[in-house]
Amino acid sequence: MRKLLKGKMILFLMMALMLILSACSSSGTGGESGSSSSSGEASSGASSGDDGASDKLVIGFSQVGAESEFRTANTKSIQDAIKDAGHELKFSDAQQKQENQIKALRSFIAQKVDAIVFSPVVETGFETVLQEAKDAGIPVFLGDRAVDIEDDSLWVTFLGSDFVEEGRKAANWLIEETADIDGDINIVELQGTVGSAPAIDRKKGFEEVIADHENLKIIKSQTGDFTRAKGKEVMEAFLKSDGENIDVLYAHNDDMAIGAIQAIEEYGLKPGEDIKIIGVDAVRGAFEAMAAGKMNVTIECNPLFGPQMVDLIEAHFAGEEIPKRVDVEESMYTMDQAEELLPTREY
Ligand code: AHR
């Protein structure tokens, strides 16, 4: 009898041990960190387990550069959001050069990151490398700037601003502002980086709206590459050739507008009065210029979408369908609002 009881006890202990072992091994499968990978599908992600959305991911972030206040704020927003969500970040600053971005993307692919956040410096020329990412099963999330590529299965989604609409807003402000003025209004335009989505689209939106107003004339248009230094340099050249004839400056971003303001002052004219200044981004520097009466309006282009980007990436890995385009909501601010709003600006 004692022998029988001892045998039953051993059998019971062995069964309990087997149960514990099998429970341990099944929880290990779902909890592997940073190993999620996508099926390469364009709009929905493959989770690495039941709790895929909460897995730690390795995310490569290829940023345009550090050319403007917008860009610095955008970099910080995305970097912080990735880290705050507990994911691992691999970061690359392309210094506004496409070849650097292609290298960075290839390096992320070689390192087998789980996802790529990509803000392309220009719209074209990325097909091959994006195809390589797709072939490697790495989903790409476009942030801020779009690409001009037919095959939209090469990225999961685009999160950013409607740049055409920003150009339209700038033109509509100008039409209202100059409604009582008879005669021609001469505009000089500082374009963003040649071939970039914001430069192409902001020009397009602006021109589309002023097309019906014959008195609004763009007399000079040149790139200032989105930087203060270049904005100043090009404005100096505009002033040299057309000085007293310039009524309005339309700058594709605030940094170039701020550089141009300096050039206008050095030339001996009053920015904001003698020459109306329109910028884009709504950065703190623009609010300071507006509060000082040197700039008239800025169209908001909000760079603080890092948390929204991380939500989209996690939703993709959780297998959720996400829209192909997600617009960031934006406003427009004029000189008379600047002093009150300046202390509240986050970037
Ligand atoms: O892509 C957005 C644009 O890029 C911002 O308006 C500009 O400041 C930046 O450099």
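Refer to the structure above for everything that follows.
Report on the accompanying structure.

Procedures and definitions
All residue numbers refer to position in the chain's written sequence, counted from 1. Residue-level local features of this predicted model are given only where pLDDT is at least 70; pairs of side-chain atoms are given and counted only at 80 or more, and the full residue set underlies all totals for whole chains, interfaces and linings. To get the side-chain values, all heavy atoms of the structure are used, and hydrogens and water are removed first. For the purposes of this section, nonpolar cores are sets of buried Ala, Val, Leu, Ile, Met, Phe, Trp, Tyr and Cys residues that join through side-chain atoms within 4.5 Å. Partly exposed describes any residue whose relative accessible area lies between the buried limit of under 20% and the exposed limit of over 50%, with all areas from a 1.4 Å probe on protein chains only and scaled to the type maximum. Helix and strand definitions follow DSSP, with helices as H or I runs of at least four residues and strands as E runs of at least two, each counted in order from the N terminus. Every residue pair with non-hydrogen atoms within 4.5 Å of one another is taken to be in contact. Surface patches are defined over residues having more than 30% relative accessible area and no salt bridge, joining like charges when they lie within 9 Å and nonpolar side chains (Val, Leu, Ile, Met, Phe, Trp, Tyr) when within 5 Å. Throughout, the Shrake-Rupley method with a 1.4 Å probe supplies accessible areas, and for residues the shown protein chains are the sole cover considered. Salt bridges are counted wherever a side-chain nitrogen of Lys or Arg sits within 4 Å of a carboxyl oxygen of Asp or Glu. This count recognises Lys and Arg as positive and Asp and Glu as negative, with His and chain-terminal groups excluded. To locate a charge, the coordinates of NZ of Lys, CZ of Arg, CG of Asp or CD of Glu are taken. Two strands pair under a simple rule: DSSP has to find at least two bridges between them. With axes taken as lines fitted to C-alpha atoms, and helix axes fitted only over the stretch in contact, angles between N-to-C directions fall between 0 and 180 degrees.

1. Quick notes on the nonpolar core
Of all hydrophobic cores here, the largest spans 31 residues; its most connected members are Leu190, Met235, Leu239, Leu249, Ile275, Ile277 and Met295. Breaking this core down by element, the ones donating at least two residues are β6 (185-191), α7 (228-242), β8 (248-251), α8 (254-267) and α9 (284-291). By residue number, the principal contributor to this core is α8, which donates six residues. Sequence-distant contacts of Met235, defined by excluding residues within four places in its chain, comprise Val188, Ile246, Leu249, Ala260, Ala263, Ile264 and Ile275. Membership of the second largest hydrophobic core comes to 22 residues, among which are Ile116, Val121, Ala133 and Leu154.

2. Some words on a negative patch on the surface
On the surface, Glu127, Asp148, Glu150, Asp151 and Asp152 cluster together to form a negatively charged patch. As for its position among the elements, Asp152 is in the loop between β4 (140-143) and β5 (157-160). The class for Asp152 is partly exposed, based on a relative accessible area of 37%.

3. Let's talk about the sheet that holds strand β11 (residues 325-327)
Hydrogen bonds between backbone atoms are what pair the strands of a sheet, whose relative direction is either parallel or antiparallel. In spatial order, the strands read β2-β1-β3-β4-β5-β11; together these six strands make up an open sheet with parallel pairing. The sheet is open, and its two borders are formed by β2 (88-93) and β11, each paired with just one other strand. Averaged over all adjacent pairs, the angle separating strand axes in this sheet is 20 degrees, with direction ignored. Bridge count for strand β3 (residues 115-118) against β4 is three bridges, and the pairing is parallel. Residue pairing in the sheet places Val117 in a bridge with Phe141 of β4. Sheet strands in contact with helix α2 (residues 69-84) are β1 (58-63), β2 and β3, and its direction is about 180 degrees off that of β1. Strands β1, β3, β4, β5 and β11 of the sheet are contacted by helix α10 (residues 306-317), whose axis makes an angle of about 160 degrees with β4.

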